[in-house]
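# An overview of the molecular structure
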Amino acid sequence: MACETDRTGRPRLRYGALFLAVGACLPFVASAQSLRIEPAIETTITASDNSRVSSEPNPAKDVIIDVAPSVLVRSRGASYTLDGTLSANFLIYTNKSQENRFLPRGNLTLNANLVDRWVYFDASALAEQIVADPFAPRGANDRSLDKINSLRYRISPYIQHYFTPSLSLLARNDNIWTKRRGDFAAADTRRDSSFRRNSLVLEQRPLPFGYSVELGQETTSFFGGVETVLSIDSARAVASYAFDPTFNLGLIAGTERTEYALLTSTDQIGGVRIQWFPTERTELKASLEKRYFGTGGTLQWSHRSPFIGMFVSASSEPAAIGTSFVFNPDGGDVRALLDNIFRTRYPNDADRAVVVGNVLSSLGVPGGFAQPIEVFSDYAQLRQLIN
């Protein structure tokens, strides 16, 4: 089977961080009050007259055996929760049209309370096979062609404490690393990346007057080439007033220092915040700020009922996106996505279906993707999201 090696020729562990995360979780599992383990295995046999999905005059024929073992782990303790799925695909090409491959996948999430009501620790690891080029040819169920091994892991220690029911402190450190392994084209700008966020918030809930002091630092770096592509240091002070128990308004003043595209700027921050709780099940939080790039802010609205829960969020903020799994197995219906994109321009269903079909045919894109596809950028930009 294919295996990466280092310069000395010794095998190199592709997913060391994932296995390290598994090992770090073992002490919690050993003290579990509730432990659930569900093993499973799936085998698929595919006969193909073009196993490499190529345009060769005489394409290679092969019978591909895909063995996919997996294990689901769920553990609960007095001060932690652990959830994860570990799996892999063993691809065996019986006619040797390609090298046999071992493709590990998995995700693991840990939430722990290390010191009661004071110190907490969150961690996660994700290993996945990512489609490198969304426009490259591939079989409908192919698991090996045009794949990049992607690993993302996160470590977030933090302190959270309520001195009184209305006075709280939060000091948090978030670290996210994204690493990739695979065959890259010479012009491919994809690189390993890291994101770090440090935040400190001291908040007095308005009764009816309140305040908060907020310090933040965010840094996004790419390894190879330009190291830091976006760095933001900020300080905010918020004075708030509660008009009644369901509605309060805050005024924001602060400053921020930003580094991006080899430029450094220091600017003032000004804005407002609103919190509104019209019912026990409905909540609205919004902020609007004047910042160095223009107007930014966030919006969160949620509503719960006995039968349904709804959540809407929107944001406008600077970001450098190391990776984004836009097309995934649960939402990878490309035909439906294009249909929504063209809905306003072509309101007639029949006309719109023809346009969508023409786009899929001209680009050579399948109607759905069996594996996630990576969409990324390696520069700072204004990110505007609505979920």
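A brief structural summary.

The rules behind these values
Residue positions are given per chain, counting from 1 as you read along its sequence in written order. In keeping with the model being predicted, local features are shown solely for residues with a pLDDT of at least 70 and side-chain atom pairs are shown and tallied solely at 80 or more, while totals for entire chains, interfaces and linings include all residues. With hydrogens and water excluded, all non-hydrogen atoms of the structure serve as input to the side-chain values. The secondary structure listing takes helices from DSSP runs of H or I that are at least 4 residues long and strands from runs of E that are at least 2 residues long, numbered from the N terminus. Partly exposed residues are those whose accessible area sits between 20% and 50% of the maximum for their type, while under 20% is buried and over 50% is exposed, using a 1.4 Å probe and protein chains only. For the area figures, the Shrake-Rupley method with a 1.4 Å probe applies, and any residue is considered shielded solely by the protein chains shown. Working definition of a nonpolar core: buried Ala, Val, Leu, Ile, Met, Phe, Trp, Tyr and Cys residues. They are joined through side-chain atoms within 4.5 Å. Any two residues whose heavy atoms approach within 4.5 Å are treated as being in contact. Pairs of N or O atoms within 3.5 Å make up the polar contacts considered here, provided that, within protein, one atom can donate a hydrogen while the other can accept it, and that residues adjacent in sequence are counted only when both atoms are side-chain atoms.

This next bit is on the overall build of the chain. Summing up its helical and strand segments, the chain has three helices and 18 strands in all. Burial analysis of the chain (387 residues in total) assigns 33% to the buried set. Just so you have it, the chain exposes about 22300 Å², and 58% of that area is on carbon and sulfur atoms.

A few words on the nonpolar core. Residues Leu338, Phe342, Val355, Val356, Val359 and Leu360 constitute the largest nonpolar core, which totals six residues. For this core, the leading source of residues is helix H3 (residues 349-363), giving four residues. Setting aside chain neighbours within four positions, we find Val356 in contact with Arg335, Leu338, Asp339 and Phe342.

Glancing now at unusual backbone geometry. Going from Leu207 to Pro208, the amide bond is cis rather than trans, its omega being -5 degrees. For Pro208, the position within the fold is in the loop between strand E8 (193-204) and strand E9 (209-222). With phi around 60 degrees, Lys96 is a residue other than glycine that occupies positive phi space. Along the chain, Lys96 turns up in the loop between strand E3 (80-93) and strand E4 (101-115). Despite not being glycine, Arg117 shows a phi value in the positive range, around 65 degrees. With respect to the element layout, Arg117 can be found in the loop between E4 and strand E5 (119-131). Residue classification places Arg117 among the exposed positions, given a relative accessible area of 61%.

With that settled, consider the side chain of Ser166. Mapped onto the elements of the fold, Ser166 is located in the loop between strand E6 (147-164) and strand E7 (167-181). Only 2.9 Å separates the side chain of Ser166 from the side chain of Gln204, close enough to count as a polar contact.

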